[in-house]
Amino acid sequence: MANLRLPSLTCLIRTSTPPQSNSQTQARFIPRACSSQTTPLSRRQLVSQAATLSLSVSVASTLCQQPAKSEEILSAWERLYLPIDPGVVLLDIAFVPDESNHGFLLGTRQTILETKDGGRTWVPRSIQSAEEEDFNYRFNSISFQGKEGWIVGKPNILLYTSDAGQTWDRIPLSAQLPGDMVFIKATGEKSAEMVTDQGAIYVTSNRGYNWKAAVQETVSATLNRTVSSGISGASYYTGTFNTVNRSPDGNYVAVSSRGNFYLTWEPGQAYWQPHNRAVARRIQNMGWRADGGLWLLVRGGGLYLSKGTGLTEEFEEVPVQSRGFGILDVGYRSKEEAWAAGGSGILLKTTNGGKTWIRDRAADNIAANLYSVKFIDEKKGFFLPVYDDCNFV
């Protein structure tokens, strides 16, 4: 990469419900490949424009070719440009339930962006309590319940708001906290649940002044104690999670750092429960379906769904058209509709709970890996990409 960097307009992909109209709606911006009359935009021209520049992709948009029936464009998406530095990785997004258009976007390099128009435009936000020390924080996770919100980051930092993010207070943490905080969930008034990458789970009910351990030991300690339990790859465990996901009812599933096994935890259990992977290839990511079952992604692009609902070790592979690129995340918009995203802008959609998947071309021209799918509700969702640049040329 060049040493000299212009201000970046890093991209974010957002759902947009098509308007109900009998007339055809034109795209705000037509890619060069679809119109010979469109003037190419240089990077300097893009930088000079507002961060609200977006690309709508929908059934009603102007397209250069009529897609085949098997590759029909399935939904509307907007490509948004963000005023952040090159190299920033976006990590999490959340909206204030009491203010549905008000949200926050987190990332590396102490990045916090704020929107008040439902995610269409974003502005940088600084939090003084996070700038008092000479650290460049990686903000990993954010969650709201009512007007109360929580942010955790690395090096370990915990921020709390009771006024929908107008002000943020820093909550002191013990220096003996095992691992780095990677996830937090607001669970009620002055209450939250946070997880570290070593498997520690803590809960608070008094605004973070006190935390109670929900598990009795870290994952490393559990594996050392149960090394003879037959978990393949346990002896190679490096002590941290690769991914961790929480279900709406408080169950967790986590993937080991090497992807050779996974772990689950349910409220009331004293320890994480390790499980052998049911597939030959290593696990990339795991999460929860809207019906309470599990989805599982393997390195190389495979997608598996658990049989039935709840925690299980039985999975079935589902054929997907990943074009050879790895699938990195799955997000459920409803029990029937879900989206899978991955390398080189690959997008897949299901409308039958995951039984079959159809490719969506909305992000084909984006040179990025779409590694996170976040649905705020059934009408609003985002893909978080990783890439060096995002010019239209």
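The present account deals with the structure reproduced in this document. (Residues numbered from 1 in each chain as written. Predicted model: local features only at pLDDT ≥ 70, side-chain atom pairs only at ≥ 80, totals over all residues. Heavy atoms only, no water.)

Turning our attention to the overall build of the protein. The helix and strand tally for the protein stands at 2 helices and 29 strands. A burial count over the protein gives 52% of its 393 residues as buried. For the protein, the share of sequence-separated contacts (at least 6 apart) that also reach a separation of at least 24 residues comes to 50%. Per element, the accessible surface of the protein, about 18300 Å² overall, is 46% carbon and sulfur. (Helix = DSSP H or I, 4+ residues; strand = E, 2+ residues; numbered from the N terminus. Buried < 20%, exposed > 50% of the residue type's maximum accessible area, 1.4 Å probe, protein only. Contact = heavy atoms within 4.5 Å. Areas by Shrake-Rupley, 256 points an atom, 1.4 Å probe, with all protein chains shown as cover.)

Attention shifts here to the packing of aromatic side chains. Applying the stated rule across the entire model yields 18 aromatic pairs. Here the aromatic rings of Phe104 and Trp168 are separated by 5.8 Å at their centres, their planes lie at 90°, and the arrangement is edge-to-face. One end of the pair, Phe104, is in strand β5 (residues 99-107); the other, Trp168, is in the loop between β10 (157-161) and β11 (169-170), and 64 residues separate them in sequence. Directly above the ring of Phe95 sits Lys380, whose terminal nitrogen or CZ lies 4.2 Å from the centroid. (Phe/Tyr/Trp six-rings, centres within 6.5 Å; stacked < 30°, edge-to-face > 60°. Lys NZ or Arg CZ within 6 Å of the ring centre and 35° of its normal.)

Let's shift gears to the side chain of Asn140. Tracing the chain through its elements places Asn140 in strand β8 (residues 138-145). When its relative accessible area of 13% is taken as the criterion, Asn140 is described as buried. At a separation of 3.0 Å, a polar atom in the side chain of Asn140 contacts the main-chain carbonyl oxygen of Met181. With near-sequence residues (within four places) excluded, Asn140 lies in contact with Leu91, Asp92, Val152, Gly153, Lys154, Met181 and Val182. (Polar contact = N/O pair within 3.5 Å; in protein donor to acceptor, adjacent residues only side chain to side chain.)

A complete count under the given rule lists 13 salt bridges for this structure. We note a salt bridge from Asp92 to Lys374, for which the minimum N-O separation is 3.2 Å. Of this pair, Asp92 sits in strand β4 (residues 90-96) while Lys374 is found in strand β28 (residues 369-375), placing the two residues 282 residues apart along the sequence. On the basis of relative accessible area, Asp92 is assigned to the buried category, the value being 7%. Via salt bridges that share partners, Arg14, Glu78 and Arg120 belong to a single interconnected network. (Salt bridge = Lys/Arg side-chain N within 4 Å of Asp/Glu carboxyl O.)

Keep in mind these numbers describe shape, not what the thing actually does.
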